[in-house]
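Chains, contacts and geometry: an overview
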Amino acid sequence: MTSVPKAMREKADMADTPKANNMWGGRFAAGPSAIMREINASIPFDKRLWQQDIAGSKAHVAMLGAQAIIANADVKAIIDGLDRIAADYEANGVPVDMALEDIHMTVESRLAELIGPAAGRLHTARSRNDQVATDFKLWVRDAIDEVDAGLAALQTQLVIRADEHADSIMPGFTHLQSAQPVTLGHHLMAYYEMIARDRSRFADARARLNQSPLGAAALAGTGHKIDRQATAAALGFENGPTRNSLDSVSDRDFALDYLMAATQCALHLSRLAEEFIIWASQPFGFVSLPDAYSTGSSIMPQKRNPDAAELVRGHAGRIAGCMTALVMTMKGLPLAYSKDMQDDKPPVFEAHDLLALSIAAMTGMVETTTFRTDRMRALAESGFATATDLADWLVREAGVPFREAHHITGAVVKAAEDKGGGLMALTLDDLKAIDSRIDAGAMAMLPVDASVASRTSFGGTAPSEVRARVAEARKELGL
Ligand code: ARG
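Let me sum up the structure you'll find in this document. In this text, all values refer to a predicted model and were calculated from it rather than measured experimentally.

**Focus on the overall build of the protein**
- Helix and strand counts for the protein stand at 20 helices and four strands.
- Whereas a compact globule of 479 residues would reach a radius of gyration of roughly 23 Å, the protein reaches 31 Å, over 25% beyond that.
- With respect to the three principal axes, the spread of C-alpha positions in the protein is 100 × 55 × 40 Å.
- When the 479 residues of the protein are sorted by exposure, 47% land in the buried category.
- Excluding contacts between residues fewer than 6 apart, the proportion of contacts in the protein whose partners are at least 24 apart in sequence is 73%.
- Treating the 49 positive side-chain charges of the protein as one cloud and the 61 negative ones as another, the clouds have centres 3 Å apart.

Take a look at the structure:
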């Protein structure tokens, strides 16, 4: 006993509950120990399912009445009682009593206090196993709808800012080295595309989960003449009831689909956050972050730190961790329900809260950031970002094979480097000295505006292309 920490010993020493559990304690002489109660209880977190639990119970009991499995007077008393509980929870929150284990028993025991023995008929032809699967699916469905609305708002801001900056020139990077000039509008629309795919992943997850497990009972279905189509329809499960009772109570892929979509989405948000962090650094100076999304330093008065973006980047790690947690929980569980599955909820709740906040933060940042387009342009012009344009001109206009054109352009870059001041500092004579085929037409390729304007291939960075994509996006978003 000495190796057991004191706090745990005290808990273990606490008197066991004198009474066995009201809901399932028929064959138990004594109640669970305090430690058992604590490890067993999910009410501290699954109280978050109270609305879904009450909605599921109302659909279930209405069906029991319609099927004449229980009397209409009992149905009415149960529904009235559930409505009173909902009003109470709405106003005062859900009471947490570890002895009642979870939200399902918390609601049912309160119902018994309110309406007496008729409450005991609610659980006819149902188990907590199909009940929790139903509640959790309903919750995840709402979570998907909330995320989708948030992502649509983020896309809206991306489109608005991209439209504003369809002609604003910035360096485009590969390896974080200046590569070719692009437009800021094009860069922002890249994130519009990522978010569009995220939304489609969430939509897939939603369509796949939209089948009702209610009525699968504990694992094997029930002998009561229930109507699973009716409860599925009442709860908006568009694809009807699930088709295998064992699978119904054991499936948590709907939660994993959500977490995997959330992880991918968080990765995209994290990449966007990282751009803002880099852009806000002094050597880049591409953006000045709004006061509303930055913080100061307690010691360095000049600081303006991109904390919100850094936390979005950090949260992506936690969201991926939540996904991994549930993957590991589910690995190797035999059919059907095992209590391990109670651990499905905390990671989903945590990931959802982090994701919703991250989406809101990035939406605010995109909306309110000041883009320093003068600085972006200066950096795009200062390097050799249009070297490829010169090589392309040699190929197109002088019939030079691309490899040779690449070589000639390399010499041009070298000359510009020696002279200082970038490609724009070279004169036509400088260029002709390197290759006599170069003429004034080639010179016209060197400004960054000419470079981006020329990239009109579908999906390219030319302002005309960016505007076309923005127009399509506005349509998609109904703007
Ligand atoms: N609180 C449980 C959960 O979240 C409800 C299901 C309990 N079922 C059972 N057979 N003990 O998974």
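**Examining the site of the ligand**
- Every residue lining the ligand is accounted for by Ser-42, Asp-46, Asp-102, His-104, Arg-128, Asn-129, Val-132, Tyr-337, Lys-339, Gln-342 and Lys-345.
- One nitrogen or oxygen atom from the side chain of Asp-102 is found 2.9 Å from a nitrogen atom belonging to the ligand.
- Interatomic distance of 2.7 Å between a side-chain N/O atom of Gln-342 and a nitrogen atom of the ligand.
- Across the complex, the protein chains shield 86% of the 350 Å² of accessible surface that the ligand would expose by itself.
- Tallying contributions element by element places helix H7 (residues 128-164) first for the shell around the ligand, with three residues.
- Grouping the constituent residues of the shell around the ligand by class yields two nonpolar, four polar and five charged.

**Notes on the pattern of salt bridges**
- With the rule as written, the count across this model stands at 30 salt bridges.
- As a salt-bridge pair, Lys-58 and Asp-83 come within 2.6 Å of each other at their nearest N and O atoms. Pair noted here: Lys-58 is in helix H4 (residues 50-66) and Asp-83 is in helix H5 (residues 72-92), with a separation of 25 residues, a long-range link.
- With a closest N to O distance of 3.0 Å, Asp-435 and Arg-437 form a salt bridge.
- With relative accessibility at 36%, the residue Arg-437 sits in the partly exposed group.
- In this structure, a network of salt bridges that share partners links the residues Glu-101, Asp-102, Arg-128 and Lys-339.

**Overview of the packing of aromatic side chains**
- Tallied over the full model, the rule gives ten aromatic pairs.
- Consider the rings of Phe-136 and Phe-349, whose centres lie 6.2 Å apart with planes at 85 degrees: the pair is edge-to-face. Here Phe-136, found in helix H7, pairs with Phe-349, found in helix H13 (residues 345-368); they are 213 residues apart in sequence, far enough to count as distant. Of the two residues examined, Phe-136 and Phe-349, each falls in the buried class.
- Taking the centre distance of 6.5 Å and the plane angle of 45 degrees together, the rings of Trp-279 and Phe-286 count as tilted. Assigned by exposure class, Trp-279 and Phe-286 land together as buried.
- Each residue in the set Phe-173, Phe-276, Trp-279, Phe-284, Phe-286 and Phe-371 is aromatic and connected to the rest through ring pairs, giving one cluster.
- Lying across the ring of Phe-237, Arg-141 places its NZ or CZ 5.0 Å from the centre.

**Digging into a nonpolar patch on the surface**
- On the surface, a nonpolar cluster with roughly 260 Å² of combined accessible area is contributed by Met-23, Trp-24 and Phe-28.
- Within the element layout of this structure, Trp-24 appears in the loop between helix H1 (6-13) and helix H2 (34-40).
- Here Trp-24 falls in the partly exposed class, since its relative accessible area comes to 31%.

**Some words on the environment of Asp-392**
- Residue position: Asp-392 is located in helix H15 (residues 387-398).
- Ignoring anything within four residues of it in the chain, the contact list for Asp-392 reads Phe-402 and Arg-455.

Cut-off values and rules
Residues numbered from 1 in each chain as written. Predicted model: local features only at pLDDT ≥ 70, side-chain atom pairs only at ≥ 80, totals over all residues. Heavy atoms only, no water. Helix = DSSP H or I, 4+ residues; strand = E, 2+ residues; numbered from the N terminus. Rg over C-alpha atoms; globule rule 2.2 N^0.38 Å. Buried < 20%, exposed > 50% of the residue type's maximum accessible area, 1.4 Å probe, protein only. Contact = heavy atoms within 4.5 Å. Lys, Arg positive; Asp, Glu negative; His and termini not counted. Charge placed at Lys NZ, Arg CZ, Asp CG, Glu CD. Near = heavy atom within 4 Å. Polar contact = N/O pair within 3.5 Å; in protein donor to acceptor, adjacent residues only side chain to side chain. Areas by Shrake-Rupley, 256 points an atom, 1.4 Å probe, with all protein chains shown as cover. Nonpolar A, V, L, I, M, F, W, Y, C, P; charged D, E, K, R; others polar. Salt bridge = Lys/Arg side-chain N within 4 Å of Asp/Glu carboxyl O. Phe/Tyr/Trp six-rings, centres within 6.5 Å; stacked < 30°, edge-to-face > 60°. Lys NZ or Arg CZ within 6 Å of the ring centre and 35° of its normal. Patch = residues over 30% accessible without salt bridge, like charges linked within 9 Å, V, L, I, M, F, W, Y side chains within 5 Å.

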